[in-house]
Amino acid sequence: MWWDERVSARFRRNLQPTLTYWSVFFSFGLCIAFLGPTLLDLRCQTQSSLSQITWVFFSQQFCLLLGSCLGGVFKRTLAQSLLALFASSLAISLVFAIIPLCHNVLLLAVVMAVAGLAMGCIDTISNMQLVKIYQKDSAVFLQALHFFVGFGALLSPLIADPFLSDTNCILANGTANASSNLPHIRKSLVPHQPGNLSHYDLPMKGLVVTRVSYAFWIMALINLPVPIAVFFLLYKERMVPCFNGSSHPLLPADELALETRPGDKDELSSAAHRGHTAAGHGDLFSCCQSRNFQGASFTYFAVHITGALVLFMTDGILGEYSGFVYSYAVEEPLAVVHKVAGYLPSLFWAFITLGRLISIPVSYRMKPATMVFINVVGVLITFLLLLIFSSSVVFLFVGTASLGLFLSSTFPSMLAYTEDILQYKGCATTVLVTGAGIGEMVLQLLVGSIIHDRGSYSFLVCGMIFGCLAFSFYALLVFFHRMYPKPS
């Protein structure tokens, strides 16, 4: 194997929990990407206006952010964490099954809000669990974790595509005129951002002929093994409530000592002791309690803030690029035909998934700090070249693939790097997940309003600015890393 025997032994010892957390993140990816391509069919199903149906995006993203903040509440014992993951992954299957029954847009928004809360809990808890299990060896396992979210995000649109309506899915007067707009509108709907659809007038009343319900029921069945896997892990650990099993600590020191080299025992034993006295890896609200700040240095806060700001920018770039690259491509001067431009978001997500797969072995040989540096510099250079060759359609496709590769491993690498700096004592996982979620939501809205006012070229200019800011915040993080006190 391409890693050493110590890491291999730890992986074998934690094989079932690790595979379970990876599968739960597949649920996250499956749920995050289906809304864009199915949005028009859902609009037909709910017989709502396009401006009304786009609020479903906001409800999901806002509650995803809220769930990320609250996910750390379940961190104190392994039983709490696994029960939360079981409830969240089961909720996603139920959401997929219930969506075809939602014939009111408000009800659909509530259901998607529940999905967002479940996704937020999965995001925080899964990252936190792997960091706690593998600690300094966590980088490679975090890369694999984020590969599964990319795989799920790539799979769900493929499942939905055969069931999407080729013509307008509400039959009424004027259907012929509305139908001609449908392929163009559908291609502008991508996983993260619906775009500007207010000028399309589709009928509000009539016979609904969509078949998208089958896609959601298929996704519900595909996702069903995930909560079953979490339940089996609960059963194995004797944590199913009906067994009245005791809640075990997340990282028992005696178990970890068996998995590590003799030189690590004292460090892990003291870390386990500190876990009872310090509030590390808590939810965002417990992290902000004043008692956690006592004796903390300035660099302690600076590392948290700069790490979160790097992910605020890079995850924001991921969201706004996937959301607006189609709109940029079909406008002048590129004027790419709609069918060809529709491949750009798919290409972007495909290379994100490929990049996360490649990063699994690379992260074992390369330090997280080096990987983050390569990522932010690569993003910056890619946007610079996209600006220089802004009139080239070929380079737009090349740049989209390149950007997907460089963005793919930024989050897990940054999480591993920041946790290494803080020696796994701070609230880095919660703060970084929250910062990334806020960035993805805020920068999409910001870029959308700028493109509306300044034109499509500002799309690349915004990406260049965000890339420069990400690099600047990374440089500050490295500076504070050098100032941060080393462990005694």
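Residues numbered from 1 in each chain as written. Predicted model: local features only at pLDDT ≥ 70, side-chain atom pairs only at ≥ 80, totals over all residues. Heavy atoms only, no water.

Helix and strand counts for the protein come out as 23 helices and 2 strands. When burial is assessed residue by residue, the protein has 58% of its 488 residues classed as buried. Of the roughly 20200 Å² that the protein leaves accessible, carbon and sulfur atoms contribute 67%. (Helix = DSSP H or I, 4+ residues; strand = E, 2+ residues; numbered from the N terminus. Buried < 20%, exposed > 50% of the residue type's maximum accessible area, 1.4 Å probe, protein only. Areas by Shrake-Rupley, 256 points an atom, 1.4 Å probe, with all protein chains shown as cover.)

This paragraph deals with the packing of helix H16 (residues 298–330) against helix H20 (residues 393–408). Their axes nearest at 11 Å, the elements H16 and H20 cross at an angle of 165 degrees. Looking at the two axes, H16 sits roughly antiparallel to H20. In this structure, H16 crosses over H20, and the sense of that crossing is left-handed. The segment H16 lies against H20, with Thr314, Ile317, Leu318, Tyr321, Val325, Tyr328 and Ala329 engaging Leu396, Thr400, Leu403 and Leu407. Along the lines of polarity and charge, the residues of the contact of H16 with H20 split into 9 nonpolar, 2 polar and no charged. (Axes fitted to C-alpha atoms, helices over the stretch in contact; angles between N-to-C directions. Parallel < 35°, antiparallel > 145°, perpendicular 65-115°, else oblique. Left-handed = near helix turned anticlockwise from the far one by under 90°. Contact = heavy atoms within 4.5 Å. Nonpolar A, V, L, I, M, F, W, Y, C, P; charged D, E, K, R; others polar.)

With that out of the way, let us pick up the environment of alanine 144. Take alanine 144: it is sitting in helix H8 (residues 138–160). For alanine 144, a relative accessible area of 4% gives the class buried. Considering only alpha carbons, one finds alanine 144 and serine 409, 265 residues apart in sequence, at a separation of 9.7 Å. Setting aside anything within four residues of it in sequence, one finds alanine 144 in contact with Trp22 and Ile360.

The next point concerns the packing of aromatic side chains. Applying the stated rule across the entire model yields 23 aromatic pairs. Arranged with centres 5.4 Å apart and planes meeting at 75 degrees, the rings of phenylalanine 147 and phenylalanine 148 form a pair that is edge-to-face. When the ring of phenylalanine 147 is compared with that of phenylalanine 151, the centres are 6.2 Å apart and the planes differ by 20 degrees; the resulting orientation is stacked. Within this pair, phenylalanine 147 and its partner phenylalanine 151 are both found in helix H8, separated by 4 residues, close to a single helical turn. Exposure remark for phenylalanine 147: the relative accessible area of 15% places this residue in the buried category. Given a relative accessible area of 36%, phenylalanine 151 falls into the partly exposed group. Among the aromatic residues, ring-to-ring pairing joins Phe11, Trp22, Phe26, Tyr134, Phe141, Phe147, Phe148 and Phe151 into one connected group. (Phe/Tyr/Trp six-rings, centres within 6.5 Å; stacked < 30°, edge-to-face > 60°.)

In this section: a nonpolar patch on the surface. There is a patch of nonpolar side chains on the surface, built from Trp55, Phe58, Phe62, Leu66, Leu70, Val73, Phe74 and Leu117 and spanning about 700 Å² of accessible area. Counting residues per element, the nonpolar patch draws most heavily on helix H5 (residues 55–70), which supplies 5 residues. When you line up the elements, leucine 66 lands in helix H5. Residue leucine 66 is classed as partly exposed on the basis of its relative accessible area, which comes to 32%. (Patch = residues over 30% accessible without salt bridge, like charges linked within 9 Å, V, L, I, M, F, W, Y side chains within 5 Å. Salt bridge = Lys/Arg side-chain N within 4 Å of Asp/Glu carboxyl O.)

You can see methionine 414 is positioned in helix H21 (residues 410–421). Relative accessible area serves as the criterion here: at 0%, methionine 414 is assigned to the buried category. For the pair formed by methionine 414 and glycine 307, sequence separation is 107 residues and the distance between their alpha carbons is 7.0 Å. For methionine 414, the contacting residues outside a window of four places in its chain are Gly307, Val310, Leu311, Val372, Leu432, Tyr474 and Leu477.

With that settled, consider the pattern of salt bridges. When their charged atoms lie close together, side chains carrying opposite charge are able to pair. Summed over the entire model, instances satisfying the criterion amount to 1 salt bridge. Among the salt bridges present, the one from aspartate 137 reaches arginine 10, with a minimum N-O distance of 3.9 Å. Taken together, the residues span a long stretch of sequence, with aspartate 137 in the loop between helix H7 (105–134) and H8 and arginine 10 in helix H1 (residues 5–13) at a distance of 127 residues. Here the two residues aspartate 137 and arginine 10 agree in accessibility, since each one is buried.

Here we come to H21. With 12 residues, H21 extends 16 Å from end C-alpha to end C-alpha; this agrees with the ideal 16 Å at 1.5 Å per step. Summarising burial for H21: 11 of the 12 residues are buried, a large majority. Residues of H21 that are buried include every one of Thr410, Phe411, Pro412, Ser413, Met414, Leu415, Ala416, Tyr417, Thr418, Glu419 and Ile421, and no others. Two residues or fewer after H21 comes glutamine 423, characterised by a positive phi angle close to 55 degrees. (Expected span 1.5 Å × (residues − 1).)

Of all residues in the protein, 75% attain a pLDDT of 70 or more, and the chain-wide mean is 77. Confidence, expressed as mean pLDDT per element, reaches its minimum in the protein at helix H14 (residues 265–277) with 38 and its maximum at helix H19 (residues 368–388) with 95. Considering only residues more than four positions removed or in separate chains, one finds that residues 173–180, a stretch of pLDDT under 50, has 8 contacts. Every residue in residues 185–201 is under pLDDT 50, and counting partners more than four places away or in other chains gives 54 contacts. (pLDDT = per-residue confidence, 0-100.)

The next point concerns the side chain of serine 359. Mapped onto the elements of the fold, serine 359 is located in helix H18 (residues 343–365). Assessed through its relative accessible area of 6%, serine 359 is described here as buried.

Another aspect to go through is the packing of H19 against H21. Any two packed helices are characterised by the angle at which their axes cross and by the distance between the axes. At a minimum axis separation of 8 Å, H19 and H21 run at an interaxial angle of 140 degrees. What the angle tells us is that H19 and H21 run oblique. Relative to H21, the crossing made by H19 is left-handed. Touching Pro368, Ala369, Met371, Val372 and Asn375 of H19 are Thr410, Ser413, Met414, Ala416, Tyr417 and Asp420, all from H21. A per-class count over the contact of H19 with H21 returns 7 nonpolar, 3 polar and 1 charged.

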